[in-house]
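A closer look at the structure
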Amino acid sequence: MFQFGDVICFLGDSITADGRWEAEVFQNLAKRTNVKCYNCGASGGRADIVIDYLYSFCLSKNPSYVSIMFGVNDIDRWACTKAYKAEHGDSEQVVERAIKNYAEYMEKIVLACQKFGAKVILCTPIPYDEYNDTNEENLYCDYALEKCAEVIRALAEKYGCKLVDMRKNLLPHIPNHHLISPDRVHPTKEGYHAIAQIYLQEIGEITKADFDTPFVFETWNKRRFEIETKVKMLDFIERVVLWQQRKEYGWGVAEMIEEARKRIAQDPEKKEYMTGCYEIYLENANNREFLENELIKRTMY
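Let me sum up the structure you'll find in this document. These numbers were taken from a predicted model, which means no experiment stands behind them.

**A closer look at the pairing of strand β1 (residues 7-12)**
The buried count for β1 comes to six of six residues, which makes it a mostly enclosed element. Side chains Val-7, Cys-9 and Leu-11 project from β1 onto one buried face, and the interleaved Ile-8, Phe-10 and Gly-12 project onto a second face that is buried too. Across six bridges, β1 lies against strand β2 (residues 36-41) in parallel orientation. Looking at the pairing, Leu-11 lines up with Cys-40 of β2. Bridge analysis of β1 against strand β3 (residues 65-69) gives five bridges, and the strand direction is parallel. What sits directly across from Phe-10, in β3, is Ser-67.

Next up, the structure:
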């Protein structure tokens, strides 16, 4: 499917930003095609957010292909919590509006990528795990991700995009395999491996997905992945957490560093997940240019 020297940008939310499945795909493709893969995922990302920075974040890399997977943040799944329903009643209308919004912005992204000259690979979102017992409240919102998958299948047919049906391929394995973490949303290590294998299968790089043989990083790819992880944390803070402040008030790096310090000070015992994120941000915020330069160099291998 890919030609020598193609550039592939992977656009998505935290499931893409994590980088593990994209790294496995890259390592497999690099052996044969000398493609360049860039992770353009952002934790907390949604289709209606990414459209604001699609060009600077993704298309500026001049991709031959843009691979896109959104959905889990787009469905307003928190409207499905018991607390929300107790206060506001039925969440069905909220979810339906969210899916309509998702369809509108996914179409805008596809058209923008194609207008730029990139071919589009559309991935259906992975399932929400409402099938296994965990301590996390079960929101029973997987039906909404099926509707998102229907949107993606229709867009792929309408605009001639390659379809990677993650949902269809993963769903039979969710009830009896440890592919989704206890939060019901994010894959486990095994889950990310399964996603990579399905992707490689669906684009024709391998004949059958192999969930059982563990993925092992090659040295060059592990170091690239470590640098990419730092860049992804910068993206998370700047393009998701503090995105509104950047848009409305024109915040730059100095303002975001100051805000990160304030938020760390509010959690002196460092109990909150976001405190660790802000600390990583402070360590690397002034080194973005160096990190991105090093990432590009190591992607060129």
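What follows continues from the structure just given.
**Brief notes about the sheet that holds strand β4 (residues 119-123)**
Pairing in this open sheet of five strands is parallel, and the strands run β2-β1-β3-β4-β5 from one edge to the other. Lying at the two open borders of the sheet, with one neighbouring strand each, are β2 and β5 (162-164). Here the strands of the sheet are splayed against their neighbours by 20 degrees on average, with no regard to which way each runs.

**Remarks on the packing of helix α12 (residues 253-265) against helix α13 (residues 273-284)**
Put simply, α12 and α13 touch, their axes get as near as 9 Å, and they point 140 degrees apart. Compared by their axis directions, α12 and α13 come out oblique. Taken as a pair, α12 and α13 cross one another with a handedness that is left-handed. For the pair formed by α12 and α13, the contact residues are Val-253, Met-256, Ile-257, Ala-260, Arg-261, Arg-263 and Ile-264 on the first element and Thr-275, Tyr-278, Glu-279, Tyr-281 and Leu-282 on the second. Tallied by class, the residues present in the contact of α12 with α13 amount to eight nonpolar, one polar and three charged.

**Section: the environment of Leu-29**
Tracing the backbone through its elements, the reader meets Leu-29 in helix α2 (residues 20-33). As a C-alpha pair, Leu-29 and Phe-4 span 25 residues in sequence and 10.0 Å in three-dimensional space. Apart from the residues within four sequence positions on either side, Leu-29 is in contact with Phe-2, Ile-8, Asn-34, Val-35, Cys-37, Leu-200, Ile-203 and Glu-205.

**Re α2**
Given a rise of 1.5 Å per residue, 14 residues ought to cover 20 Å, and the 20 Å separating the end C-alpha atoms of α2 matches this to within 8%. Among the residues making up α2, those that are buried are Trp-21, Glu-22, Ala-23, Glu-24, Val-25, Phe-26, Gln-27, Leu-29, Ala-30 and Thr-33. Of the residues flanking the end of α2, it is Asn-34, one or two places downstream, whose phi is positive at about 55 degrees.

**Some thoughts on the side chain of Thr-188**
As for its placement among the helices and strands, Thr-188 is situated in the loop between α8 (166-170) and α9 (189-202). In terms of polar contacts, Thr-188 uses its side chain to reach the side chain of Glu-190, at 3.2 Å. Setting aside its immediate chain neighbours within four residues, Thr-188 contacts His-178, Leu-179, Ile-180 and Ser-181.

**Here's the deal with the pairing of β3**
Of all five residues in β3, five are buried; the element is thus mostly enclosed. Burial along β3 is two-sided: Tyr-65, Ser-67 and Met-69 and Val-66 and Ile-68, pointing in opposite directions, are all buried. Where β3 and β4 come together, four bridges link them in parallel fashion. Note on β4: the bridge partner recorded for Val-66 is Val-120.

**Considerations on the state of the cysteines**
As enumerated under the stated definition, the model contains zero disulfides in all. Cys-80 carries a free sulfur, and the closest cysteine sulfur to it, the one in Cys-141, is 5.2 Å from it. Cys-80 gets classed as buried once you look at its relative accessible area, which sits at 5%.

Analysis parameters
- Residues numbered from 1 in each chain as written.
- Predicted model: local features only at pLDDT ≥ 70, side-chain atom pairs only at ≥ 80, totals over all residues.
- Heavy atoms only, no water.
- Buried < 20%, exposed > 50% of the residue type's maximum accessible area, 1.4 Å probe, protein only.
- Helix = DSSP H or I, 4+ residues; strand = E, 2+ residues; numbered from the N terminus.
- Pairing = 2+ DSSP bridges.
- Axes fitted to C-alpha atoms, helices over the stretch in contact; angles between N-to-C directions.
- Parallel < 35°, antiparallel > 145°, perpendicular 65-115°, else oblique.
- Left-handed = near helix turned anticlockwise from the far one by under 90°.
- Contact = heavy atoms within 4.5 Å.
- Nonpolar A, V, L, I, M, F, W, Y, C, P; charged D, E, K, R; others polar.
- Expected span 1.5 Å × (residues − 1).
- Polar contact = N/O pair within 3.5 Å; in protein donor to acceptor, adjacent residues only side chain to side chain.
- Disulfide = S-S within 2.5 Å.

What is shown is where atoms sit, not what they do.
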